[in-house]
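# Structure assessment
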Amino acid sequence: MPIEFLPVTPDYNRNRPPSFEFFTLMPDFKEMPQLWNRNPKILDAGVVVFICQSGTGKLVIDMQTFTIRKGSFCLLLPYTVIQVLEYSEDIKITAMTGTIDFLEKLALLQPVEDYVSLIQENPCLTLTENQLEEVKKIYYFTQSRLLENTRPLSLEIRDTLLMFIALEIVSLYAKNKPSEKKKLSRQEQIFRNFVFSVGKNFREHRNVEFYAEQACLTPRHFATVIKKKSGKLPIQWITERTIVFIKFMLENSEMSIQEISHELNFPNPSFFSRYFKKHTGLTPKAFRTGKSD
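Now for a quick tour of the structure. (Residues numbered from 1 in each chain as written. Predicted model: local features only at pLDDT ≥ 70, side-chain atom pairs only at ≥ 80, totals over all residues. Heavy atoms only, no water.)

## What about the state of the cysteines?
Counted by the stated rule, this structure contains one disulfide. What pairs with Cys 74 in a disulfide is Cys 124, and their sulfur atoms sit 2.4 Å apart. Around the S-S axis, the bridge from Cys 74 to Cys 124 shows a dihedral of about 110 degrees and counts as right-handed. With Cys 74 in strand S7 (residues 72–76) and Cys 124 in strand S10 (residues 124–126), this residue pair connects regions lying 50 residues apart in the sequence. Pair check on accessibility: Cys 74 and Cys 124 agree, each one buried. (Disulfide = S-S within 2.5 Å. Helix = DSSP H or I, 4+ residues; strand = E, 2+ residues; numbered from the N terminus. Buried < 20%, exposed > 50% of the residue type's maximum accessible area, 1.4 Å probe, protein only.)

Pasting the structure below:
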């Protein structure tokens, strides 16, 4: 089954100050209905933290199956592949989502960086009743503070508060010490590494050979592995990631088409426009204005 991209509160408007401005609280995670249609999704350029408060569900996260219930706490990093297999009607999930800007700020915190690998390998925890209540208190406290935009030093308070949330999350992983789980197969690891690499490198590298070389495979063998694990060829992944980014830039930034072309290292704006039209049926200008050619 092909995997789709799931945007997470994207923003690429470079005219806005880099801050925690694009950090969203969701009292009910069903506000993201595109996640619940049971098709595999890949989180695009964002992070999601969610807590299950009631009900049950079954998820596949990076090819591993997890059963969630009251007290389940999950942290999904950028480019995580997630699929909802089933869920009960009474499920209630509270979520927090943030963009790459948020993650770049957190990367400055050494304790967070130290636990990234652990979180990637063990995205889901089961909290005790006391831990769940503490997390809920932090969530609602954060919600009330983020709504107060007119207070003196509100931006500084918000930044510090979200740093506090990040450290609390890391603390949960440190306390719970998730048990070792089955290691990914070689093919699963190749696919997972490819997904992360595309997210980091698609601006400069849109040829399959680059990613095959990273995996120490021939392009043909590499394509076979990726197709088997995801239902798509590598070039489809690269193209879709590029098109998603371009659409976000056109919709959410004031950068000119020439500037976006330069940002993505296309040879020239004309080539960029032909590339976009080939894969969307519209020129960048037509897509931005919402008009057909």
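## Here we look at the pairing of strand S6 (residues 64–68)
The alternating pattern of S6 places Gln 64, Phe 66 and Ile 68 on a buried face, while none of Thr 65 and Thr 67, on the opposite face, is buried. Strand direction decides the pairing type here: strand S5 (residues 57–61) and S6, joined by five bridges, are antiparallel. Among the inter-strand pairings, Ile 61 is bridged to a residue of S6, identified as Gln 64. (Pairing = 2+ DSSP bridges.)

## Considerations on the nonpolar core
Among the nonpolar cores identified, the biggest contains 32 residues, and Phe 194, Phe 222, Ile 246 and Leu 264 are the most heavily contacted of them. A per-element tally of this core places helix H8 (residues 234–252) first, with seven residues. Phe 73, Met 96, Ile 138 and Tyr 173 belong to the second largest nonpolar core, which has 18 residues in total. (Core = buried A, V, L, I, M, F, W, Y, C linked by side-chain atoms within 4.5 Å.)

## Points about empty space enclosed by the protein
Counting across every chain of the model gives five cavities of 30 Å³ or more. Taken as a whole, the largest cavity holds about 80 Å³ of empty space. Around the largest cavity, the lining residues are Phe 73, Met 96, Val 135, Ile 138, Tyr 139, Ile 165, Glu 168, Ile 169 and Leu 172. Listing elements by their share of the lining of the largest cavity, those giving two or more residues are helix H3 (129–146) and helix H4 (154–176). No other element matches H4, which puts four residues into the lining of the largest cavity. Its residues placed into classes, the lining of the largest cavity shows eight nonpolar, no polar and one charged. Of the pockets and cavities examined, the second largest cavity occupies roughly 60 Å³. (1 Å grid on protein atoms, 1.4 Å probe; cavity = no way out; pocket = protein on both sides within 12 Å on 5 of 7 lines; lining within 4 Å. Points joined across faces, edges and corners; volume = space filled by probe spheres on them. Nonpolar A, V, L, I, M, F, W, Y, C, P; charged D, E, K, R; others polar.)

## Focus on the environment of Phe 73
Looking at where Phe 73 falls in the secondary structure, it is placed in strand S7. Separated by 23 residues in sequence, Phe 73 and Phe 50 have C-alpha atoms that sit 5.9 Å apart. Phe 73 has contacts with Val 49, Phe 50, Ile 51, Pro 123, Cys 124, Leu 125, Leu 127, Val 135, Ile 169, Leu 172 and Tyr 173, leaving out every residue within four places of it along the chain. (Contact = heavy atoms within 4.5 Å.)

## Details of the side chain of Asn 201
As for its placement among the helices and strands, Asn 201 is situated in helix H5 (residues 186–201). When near neighbours in sequence (up to four residues on either side) are disregarded, Asn 201 contacts Phe 210, Tyr 211 and Gln 214.

## Let's talk about the packing of aromatic side chains
On inspection of all chains with the given rule, the structure shows nine aromatic pairs. Seen in terms of ring centroids, Phe 194 and Tyr 211 are 5.5 Å apart; in terms of plane orientation they differ by 85 degrees. Their pairing is edge-to-face. Placement of Phe 194 in helix H5 and of Tyr 211 in helix H6 (residues 208–214) is noted, with a sequence separation of 17 residues between them. Given the relative accessible area of 3%, Phe 194 is considered buried. A centroid spacing of 5.3 Å and a plane angle of 85 degrees characterise the contact between Phe 194 and Phe 222, whose relative ring orientation is edge-to-face. Here the residue Phe 194 occupies a position in helix H5, and Phe 222 occupies one in helix H7 (residues 219–230), the gap between them amounting to 28 residues. Given the relative accessible area of 1%, Phe 222 is considered buried. Clustering of aromatic rings is evident, with ring pairs tying together Phe 194, Phe 210, Tyr 211 and Phe 222. One Lys or Arg, Arg 206, reaches over the ring of Phe 266 and ends 4.1 Å from the middle of that ring. The ring centre of Trp 237 lies 5.2 Å from the NZ or CZ of Lys 232, which sits over that ring. (Phe/Tyr/Trp six-rings, centres within 6.5 Å; stacked < 30°, edge-to-face > 60°. Lys NZ or Arg CZ within 6 Å of the ring centre and 35° of its normal.)

On their own, these measurements won't tell you what the molecule is for.
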